[in-house]
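# Architecture and fold: a report
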Amino acid sequence: MNRSYPFGRASLGLLAALVCSSTTAFAQCGKDIVLTSSKTEYLNAAGEVQRTVEEGCVITIDKAKVTIAPADKEVMTASVVSTTCEWKEVFKTGKTTVLAKFKDDDGTEKDATITVEGKDGKITCLMTQKEKPDRVIRVFADKFEEQKTASKK
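Note that the coordinates shown come from a computational prediction; the quantities given were computed from them, not determined experimentally. (Residues numbered from 1 in each chain as written. Predicted model: local features only at pLDDT ≥ 70, side-chain atom pairs only at ≥ 80, totals over all residues. Heavy atoms only, no water.)

## Describing the overall build of the protein chain
The helix and strand inventory of the protein chain stands at 1 helix and 8 strands. Ordered by position from the N terminus, the helices and strands of the protein chain form the series α-β-β-β-β-β-β-β-β. Expressed as a percentage of contacts within the protein chain between residues at least 6 apart in sequence, the contacts between residues at least 24 apart total 54%. Total accessible area on the protein chain is roughly 8100 Å²; 49% of this is exposed by carbon and sulfur atoms. (Helix = DSSP H or I, 4+ residues; strand = E, 2+ residues; numbered from the N terminus. Contact = heavy atoms within 4.5 Å. Areas by Shrake-Rupley, 256 points an atom, 1.4 Å probe, with all protein chains shown as cover.)

## So, the state of the cysteines
In total, this model carries 0 disulfides according to the counting rule given. Cysteine Cys 57 shares no disulfide, and the gap to the nearest cysteine sulfur, in Cys 125, comes to 9.8 Å. Here Cys 57 falls in the buried class, since its relative accessible area comes to 6%. (Disulfide = S-S within 2.5 Å. Buried < 20%, exposed > 50% of the residue type's maximum accessible area, 1.4 Å probe, protein only.)

## What to know about the side chain of Thr 40
Locating Thr 40 in the fold gives a position in strand β1 (residues 33-44). A polar side-chain atom of Thr 40 sits 3.4 Å from a polar atom in the side chain of Glu 55. Other than its neighbours up to four places away in sequence, Thr 40 contacts Arg 51, Thr 52, Val 53, Glu 55, Ile 137, Arg 138 and Val 139. (Polar contact = N/O pair within 3.5 Å; in protein donor to acceptor, adjacent residues only side chain to side chain.)

## Observations concerning the confidence of the model for the protein chain
Regions with low pLDDT carry predicted coordinates that are not meant to be interpreted in detail. Per-residue confidence for the protein chain averages 78 on the pLDDT scale, and 78% of its residues sit at or above 70. Element-level pLDDT for the protein chain is lowest in helix α1 (residues 9-21), with a mean of 48, against a maximum mean of 90 in β1. For residues 1-6, every residue scores under 50 in pLDDT, and the model assigns this stretch 20 contacts once sequence neighbours within four places are set aside. Across residues 16-26 the pLDDT falls below 50, and counting only partners more than four positions away or on other chains, this stretch makes 69 contacts in the model. (pLDDT = per-residue confidence, 0-100.)

## Considerations on the environment of Glu 89
Of note, Glu 89 is situated in strand β4 (residues 76-89). Along the primary structure Glu 89 and Gly 118 are separated by 29 residues, whereas in three dimensions their C-alpha atoms are 8.8 Å apart.

## Here we look at the sheet that holds strand β8 (residues 132-146)
On the basis of which strands lie adjacent, the closed barrel formed by 8 strands has the order β1-β2-β3-β4-β5-β6-β7-β8 and antiparallel pairing. If you compare each strand with its neighbour and ignore which way they point, the axes differ by 35 degrees on average. With 10 bridges joining them, strand β5 (residues 93-103) and strand β6 (residues 109-119) adopt antiparallel strand pairing. Within the sheet, the bridge partner assigned to Lys 103 lies in β6 and is Glu 109. (Pairing = 2+ DSSP bridges. Axes fitted to C-alpha atoms, helices over the stretch in contact; angles between N-to-C directions.)

## As for the pattern of salt bridges
The final tally for this structure, using the stated rule, is 7 salt bridges. A salt bridge links Glu 41 to Arg 138, with the shortest nitrogen-to-oxygen separation between them at 2.4 Å. Highlighted residues: Glu 41 in strand β1 and Arg 138 in strand β8, separated in sequence by 97 residues. With relative accessibility at 8%, the residue Glu 41 sits in the buried group. Look at Arg 138 and you get partly exposed, because its relative accessible area is 21%. (Salt bridge = Lys/Arg side-chain N within 4 Å of Asp/Glu carboxyl O.)

## Points about the nonpolar core
Leu 35, Ile 59, Val 66, Ile 123 and Phe 144 are the most contacted members of the largest nonpolar core, which has 28 residues in total. Of all elements in the fold, only β1, β2 (49-61), β3 (65-70), β4, β5, β6, β7 (122-129) and β8 reach the threshold of two or more residues within this core. The leading source of residues in this core is β4, at 5 residues. Residues within four places of Ile 123 in sequence aside, it is in contact with Leu 35, Trp 87, Phe 91, Lys 92, Val 116, Glu 117, Gly 118, Val 139, Phe 140, Ala 141 and Phe 144. (Core = buried A, V, L, I, M, F, W, Y, C linked by side-chain atoms within 4.5 Å.)

## Things to note about the packing of aromatic side chains
For the coordinates displayed, the defined rule picks out 1 aromatic pair. In this structure, Lys 39 is placed above the aromatic ring of Phe 140, and the distance from its NZ or CZ to the ring centre is 5.2 Å. (Phe/Tyr/Trp six-rings, centres within 6.5 Å; stacked < 30°, edge-to-face > 60°. Lys NZ or Arg CZ within 6 Å of the ring centre and 35° of its normal.)

What follows is the structure in C-alpha cells.
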C-alpha cells in the first residue's frame, strides 16, 4: 500500500468514481466529465482533516468507468456500478452519488461510494471505501466540465 494514498490505489479510483457520479445529473447526466484538482485532503470518520496533499490530478468519468491520473503516479481505473444525480445548475449546484468497483494490484475488488457535490459554484468530491469506512478522501475541483471528444462511441 502506498503511504501517500491511505486507501491504496483503489482509493484514488473511488475518488474518480465520485466525480463520475456528477455526469448523470440534469443536463450533465450521461455526459463524460473531467475534473481537475490540485489539492486532496484525507479525513477521519468524524470529518476531521488528518493531512492535506498539494498534488495535481485529472479524473475522467464516463458511463462505464472512472480514470484517475494523479501527477507522477500510476493511473487507476474503476468500473461504475450505479449513479444517481440531482443537479439544479449544471456543473455548479447539485449532487451526484456513484457506486464503483476498484481492483487492487492483486485483483481484489473494493467497493466505494463517491459523492460529488456542487455548492455556490464550488465542487467537492468525497470518497469512502466500504472496507474502510473510517477513511475519507476529499478532493477540491479546480475545474469541472464536460469532456470534449472528437467522436463518441
